[in-house]
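Letter by letter, the chains look like this.
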Amino acid sequence: MNFWSNLDTPLDFFAFALVLAVVFVNGFTDAPNSIHSSVKAGALSLWRASLLSGIFNFLGVVASSFFAFSVGKSVWALADSKSAENGTLVVCACLLTVISVGVLAWVFKMPSSESHALLFSLMGASLGAGRVSSGIDKILFITVCMIASTIASYVLSRLLSVLFAKRVRTKDSHLAFFCCALSFMHGAQDGQKLLAVLMIVLSADLVSASVPPPFAILSVGAIMGASTVLSGKRILSSIDKLSENSDTSSCFFADLAAFVTLLFSSLLGLPVSTGNIKSASVFATEKEAGKQSKRVIMRIFLTSLITLPVSFLFGFLIYKMLLLFF
């Protein structure tokens, strides 16, 4: 596929720019979850952890897109993308919703998930365009994926910390490894989601296509990697409140559980929330969760509960508004 030849109109170029903007916001607010444990335990400085995270986010986007684009194909299918009609407007409505939610999350220091906003606004905008043939089934599918993966991460983290806390000696190198591994999985998950949205703009058929265009993969990977390097401290302050009593061992088991959950979700092609999975695993390792960490986890839960229907509604309404101008 010739990348530039599929961007036919100024609106297509605008949608492409919006995708990159959302990639940047995503890296700025979500990817720093990957570096929390290594920085908190003192295994890596904030700068080194952010740099490693940026590199491995880039590698995650590139490697997963070339070798296993299963998550991207699942997202592409949510929008009934076999029909190219009004695809660019659907994407614009979706991304305008995501940017708004992402910026608000950053302002209020919430480790929220752009994945929630992306997936539900995409389905809302697609419904507005009359492109969703089984909307309720798809909404239930994504909701179950999000809830099940978060619970799985919590349970696995809790089990590991209870069963093996006294048997495993955690080293700084272990936490540094998981900083890289979680960053790679973040790139594999969220990078594929945004590449799938970009493929809708390009009117591409992901049923027959093996991989997205190389230029698209490299663009998304580079922006996500760069934004991750530039961010970190603001969101880290919120994650810290979830781990008031965490030690190096707790950080290790939280990272291990989050990594395993993300790995299997990606292999199965399930689009999930990397931020919620990491937050759940961190909270699970708390031996005695303090009032502050309980308040934060409740804020994350309530934010997710509100984000899903609001994103769906905004996606639908913004699409209808864009139709008035295009």
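Asker: In this structure, what is going on with the overall build of the protein chain? I would like to understand it.
Answerer: Assigned secondary structure in the protein chain consists of 13 helices and zero strands. Counting helices and strands in the order they occur from the N terminus, the protein chain gives α-α-α-α-α-α-α-α-α-α-α-α-α. Buried residues in the protein chain amount to 55% of all 326 residues. Sequence-distant contacts, at least 24 apart, represent 88% of the contacts inside the protein chain between residues at least 6 apart.

Asker: Is there a simple way to think about the nonpolar core in this case?
Answerer: The nonpolar side chains of soluble globular proteins are, as a tendency, buried together. Formed by 50 residues in total, the largest nonpolar core has its most connected members in V91 and L95. When near neighbours in sequence (up to four residues on either side) are disregarded, L95 contacts A15, L18, V19, V22, L118 and V197.

Asker: Is there a simple way to explain the packing of helix α3 (residues 46–67) against helix α8 (residues 172–201) in this structure?
Answerer: The geometry of a pair of packed helices is captured by two quantities: the angle between their axes and the separation between those axes. Their axes nearest at 6 Å, the elements α3 and α8 cross at an angle of 50 degrees. Taken together, the axes of α3 and α8 are oblique relative to one another. With respect to the hand of their crossing, α3 and α8 are arranged in right-handed fashion. Across the interface between the two elements, A49, L52, S53, F56, N57, L59, G60, V61, A63, S64 and S65 of α3 pack against C179, C180, S183, F184, H186, G187, A188, G191, Q192 and L195 of α8. Its residues assigned to classes, the contact of α3 with α8 shows eleven nonpolar, ten polar and no charged.

Asker: In this structure, what is going on with the packing of aromatic side chains? I would like to understand it.
Answerer: Pairs of aromatic rings are described using the distance from one ring centre to the other and the angle between the two planes. Summed over the entire model, instances satisfying the criterion amount to five aromatic pairs. Residues F177 and F178 carry aromatic rings whose centres are separated by 5.2 Å and whose planes lie at 75 degrees to one another, so their mutual orientation is edge-to-face. Ring centres of F178 and F259 lie 6.0 Å apart, and the angle between their planes is 65 degrees; on these two criteria the pair is classed as edge-to-face. Of this pair, F178 sits in helix α8 while F259 sits in helix α11 (residues 248–267); the two residues are 81 residues apart in sequence, bridging distant segments of the chain. Residue F178 is classed as buried on the basis of its relative accessible area of 6%. Taking relative accessible area as the criterion, F259 reaches 18% and is therefore assigned buried. Put simply, the rings of F177, F178, F252, F253 and F259 pair up and form one aromatic cluster.

Asker: Would you mind going over the packing of helix α6 (residues 114–128) against α8 with me for this structure?
Answerer: Packing of α6 against α8 leaves a shortest axis separation of 11 Å and a crossing angle of 25 degrees. Between α6 and α8, the crossing angle belongs to the class labelled roughly parallel. Seen from above, α6 lies across α8 with left-handed handedness. Within the contact between the two elements, α6 uses S115, L118 and L122 and α8 uses D190, K193, L194, V197 and I200.

Asker: Sorry, what's going on with the layout of surface pockets here?
Answerer: Regions of empty space are outlined by a rolling probe, equal in size to a water molecule, passed over the atoms. Approximately 520 Å³ is the volume found for the largest pocket. Around the largest pocket sit 18 residues that line it, and I147, T150, N276, F301 and S304 are the ones nearest its centre. At the level of elements, α7 (135–164), α12 (274–284) and α13 (291–323) are the ones that each hand at least two residues to the lining of the largest pocket. Residues that form the lining of the largest pocket fall into these classes: twelve nonpolar, six polar and no charged.

Asker: For this particular structure, what's the right way to read the environment of G315?
Answerer: Examined against the element boundaries, G315 turns out to sit in helix α13. When its relative accessible area of 0% is taken as the criterion, G315 is described as buried. Considered as a pair, G315 and A117 are 198 residues apart in the sequence and their alpha carbons are 9.0 Å apart. If we skip the residues at most four places from it in the chain, G315 touches A93, T97, S121, G124 and A125.

Asker: I'm lost on a nonpolar patch on the surface in this one. Help?
Answerer: Residues M298, F301, L302, L305, I306, V310, L313, F314 and L317 make up a contiguous nonpolar surface patch of about 830 Å² in total accessible area. Inspection of the secondary structure puts M298 in helix α13. M298 gets classed as partly exposed once you look at its relative accessible area, which sits at 43%.

Asker: Help me out: how do you make sense of the environment of I136 in this one?
Answerer: You can see I136 is positioned in helix α7. What makes I136 exposed here is its relative accessible area of 65%. A C-alpha to C-alpha distance of 9.9 Å links I136 and M123, two positions 13 residues apart in sequence.

Asker: Even after reading the chapter, I still don't get α12, so can you show me in this structure?
Answerer: Spacing of three or four residues puts side chains on the same side of an α-helix, whose turn is 3.6 residues. Of all eleven residues making up α12, eleven are buried, and the element is well covered by its neighbours. When we look at burial in α12, the residues that qualify are T274, G275, N276, I277, K278, S279, A280, S281, V282, F283 and A284.

What counts and what doesn't
Residues numbered from 1 in each chain as written. Predicted model: local features only at pLDDT ≥ 70, side-chain atom pairs only at ≥ 80, totals over all residues. Heavy atoms only, no water. Helix = DSSP H or I, 4+ residues; strand = E, 2+ residues; numbered from the N terminus. Buried < 20%, exposed > 50% of the residue type's maximum accessible area, 1.4 Å probe, protein only. Contact = heavy atoms within 4.5 Å. Core = buried A, V, L, I, M, F, W, Y, C linked by side-chain atoms within 4.5 Å. Axes fitted to C-alpha atoms, helices over the stretch in contact; angles between N-to-C directions. Parallel < 35°, antiparallel > 145°, perpendicular 65-115°, else oblique. Left-handed = near helix turned anticlockwise from the far one by under 90°. Nonpolar A, V, L, I, M, F, W, Y, C, P; charged D, E, K, R; others polar. Phe/Tyr/Trp six-rings, centres within 6.5 Å; stacked < 30°, edge-to-face > 60°. 1 Å grid on protein atoms, 1.4 Å probe; cavity = no way out; pocket = protein on both sides within 12 Å on 5 of 7 lines; lining within 4 Å. Points joined across faces, edges and corners; volume = space filled by probe spheres on them. Patch = residues over 30% accessible without salt bridge, like charges linked within 9 Å, V, L, I, M, F, W, Y side chains within 5 Å. Areas by Shrake-Rupley, 256 points an atom, 1.4 Å probe, with all protein chains shown as cover. Salt bridge = Lys/Arg side-chain N within 4 Å of Asp/Glu carboxyl O.

Fair warning: the whole summary comes from geometry, so function is off the table for now.
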